[in-house]
Amino acid sequence: MGSMCLLHASLTEYVLLFGTAVDTGGHSGRYWADISDTIISGTFRQWKEGTTRSEIYYPGDTIVHQSGEATAVQWSAGTWMVEYGRGFIPSTLMFALADTIFSTQDFGTLFCTLRVYAKALLLEAGAYFSGPDPPHT
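Along each chain, the written sequence defines residue order, and numbers are assigned to residues from 1. In keeping with the predicted nature of the model, local features appear solely for residues at pLDDT of at least 70, side-chain atom pairs appear and are counted solely at 80 or more, and the whole-chain, interface and lining totals rest on all residues. In computing side-chain properties, one takes all heavy atoms of the structure into account and sets aside hydrogens as well as water.

**A closer look at the environment of Arg53**
- The way it works is that DSSP assigns letters per residue, a run of H or I at least four long becomes a helix, a run of E at least two long becomes a strand, and they are numbered from the N terminus. Mapping Arg53 onto the fold places it in the loop between strand S5 (44–48) and strand S6 (55–57).
- Burial classes: relative accessible area under 20% of the type maximum marks a residue as buried, over 50% as exposed, and values in between as partly exposed (1.4 Å probe, protein chains only). For Arg53, a relative accessible area of 60% gives the class exposed.
- In this structure the C-alpha to C-alpha distance between Arg53 and Arg86, which are 33 residues apart in sequence, comes to 27 Å.

**A few points about the nonpolar core**
- What we call a nonpolar core is a set of buried Ala, Val, Leu, Ile, Met, Phe, Trp, Tyr and Cys residues that are connected through their side-chain atoms within 4.5 Å. By size, the foremost hydrophobic cluster in this structure holds 17 residues, and its most contacted members are Tyr14, Ile39, Phe44, Trp75 and Met81.
- For this core, the elements supplying multiple residues, two or more each, are strand S2 (13–20), strand S4 (33–41), strand S8 (71–75) and helix H2 (107–130).
- Contacts are residue-level and defined by heavy atoms, with any inter-residue pair within 4.5 Å sufficient. The residues touching Trp75, leaving out its near neighbours within four places in the chain, are Phe18, Thr20, Val22, Asp23, Thr24, Gly25, Thr43, Phe44 and Met81.

**Side note on the sheet that holds strand S9 (residues 79–87)**
- Taken together, five strands build an open sheet; the order of strands is S1-S2-S9-S4-S7 and the sheet is antiparallel. Since the sheet does not close on itself, it has two edges, and those belong to strand S1 (3–9) and strand S7 (62–65), each with one partner. Mean inter-strand twist for the sheet, computed between neighbouring axes without regard to direction, equals 20 degrees.
- Two strands qualify as a pair provided DSSP detects at least 2 bridges between them. Where S1 and S2 come together, six bridges link them in antiparallel fashion. By the bridge assignment, Leu6 is partnered in S2 with Leu16. The axes used here are C-alpha line fits, helices contributing only the stretch in contact, and every angle between their N-to-C directions lies in the interval 0 to 180 degrees.

**A look at the environment of Ile35**
- Here Ile35 lies in strand S4.
- According to the relative accessible area criterion, Ile35 is buried, its value standing at 6%.
- Each C-alpha atom of the pair Ile35 and Thr92 lies 10 Å from the other, and the pair is 57 residues apart in sequence.
- Those residues within four positions of Ile35 in sequence are excluded, and the remaining contacts are Tyr14, Ile63, Val64, His65, Glu83, Tyr84 and Gly85.

**Some thoughts on the confidence of the model for the protein**
- Looking at the protein, the pLDDT average stands at 86 and 91% of residues meet or exceed 70.
- By mean pLDDT, helix H1 (residues 90–104) is the weakest element of the protein at 74, and S6 is the strongest at 97. Scored between 0 and 100, pLDDT is the confidence that the predictor attaches to each residue.

**Observations regarding the UniProt feature "signal peptide" (unreviewed entry) in the protein**
- UniProt positions are given in the numbering used here, feature names are shortened, and annotations may be inferred rather than shown by experiment. Under the UniProt annotation, the feature "signal peptide" (unreviewed entry) is placed at residues 1–21.
- A distance of 9 Å separates the end C-alpha atoms of residues 1–21, which is 0% helix and 71% strand.

**Here's the deal with a nonpolar patch on the surface**
- The grouping of Leu7, Leu17, Ile40, Trp80 and Val82 at the surface amounts to a nonpolar patch, some 420 Å² of accessible area in total.
- Positionally, Val82 belongs in strand S9. Put simply, a patch holds well-exposed residues, over 30% relative accessible area, that have no salt bridge, with like charges counted together within 9 Å and Val, Leu, Ile, Met, Phe, Trp or Tyr side chains within 5 Å. Here the Shrake-Rupley method, with its probe set to 1.4 Å, supplies the accessible areas, and only the displayed protein chains count as covering residues. Whenever Lys or Arg places a side-chain nitrogen within 4 Å of a carboxyl oxygen from Asp or Glu, that contact is recorded as a salt bridge.

**A closer look at the packing of aromatic side chains**
- Here is the rule: rings of Phe, Tyr and Trp (six-membered ring for Trp) pair when centre to centre is within 6.5 Å. Planes less than 30 degrees apart are stacked, more than 60 are edge-to-face, and the remainder are tilted. Summed over the entire model, instances satisfying the criterion amount to four aromatic pairs.
- Taken together, a centroid distance of 5.0 Å and an interplanar angle of 50 degrees make the contact between Phe18 and Trp75 tilted. Of the two residues, Phe18 sits in strand S2 while Trp75 sits in strand S8, which places them 57 residues apart along the sequence. Taken individually, Phe18 and Trp75 each receive the classification buried, so the pair is uniform in this respect.
- Linked through ring pairs, Phe18, Phe44, Tyr57 and Trp75 together constitute an aromatic cluster.

Written out as structure tokens, the structure is:
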């Protein structure tokens, strides 16, 4: 369980704040994107695939998840971080929303999440198609 606030999103990158008020954990997902998390408060524990021990990260630390990599993750209560993803961002949505669709069936949250992402894509498209301002004479 966690909460996020999307600050920027496009087809190729996103920036968000993520945090939790309770101890929680799970699977990182295996994405077609590189993702980095910078811890603001709390702790983040990660167990990388193919290793036998976990590592703990603290405020100020940045964790990098390479494209295609999978890890077990755990956050302590009160953990907040800034997350930056770069790559094919739609590939992250299936995993990120799977629990919402198949487990919690929290369709209100699903709708809100997709609406916020769609709005960000429309803003990005509008900026792309409007192009630079014409020169003033």
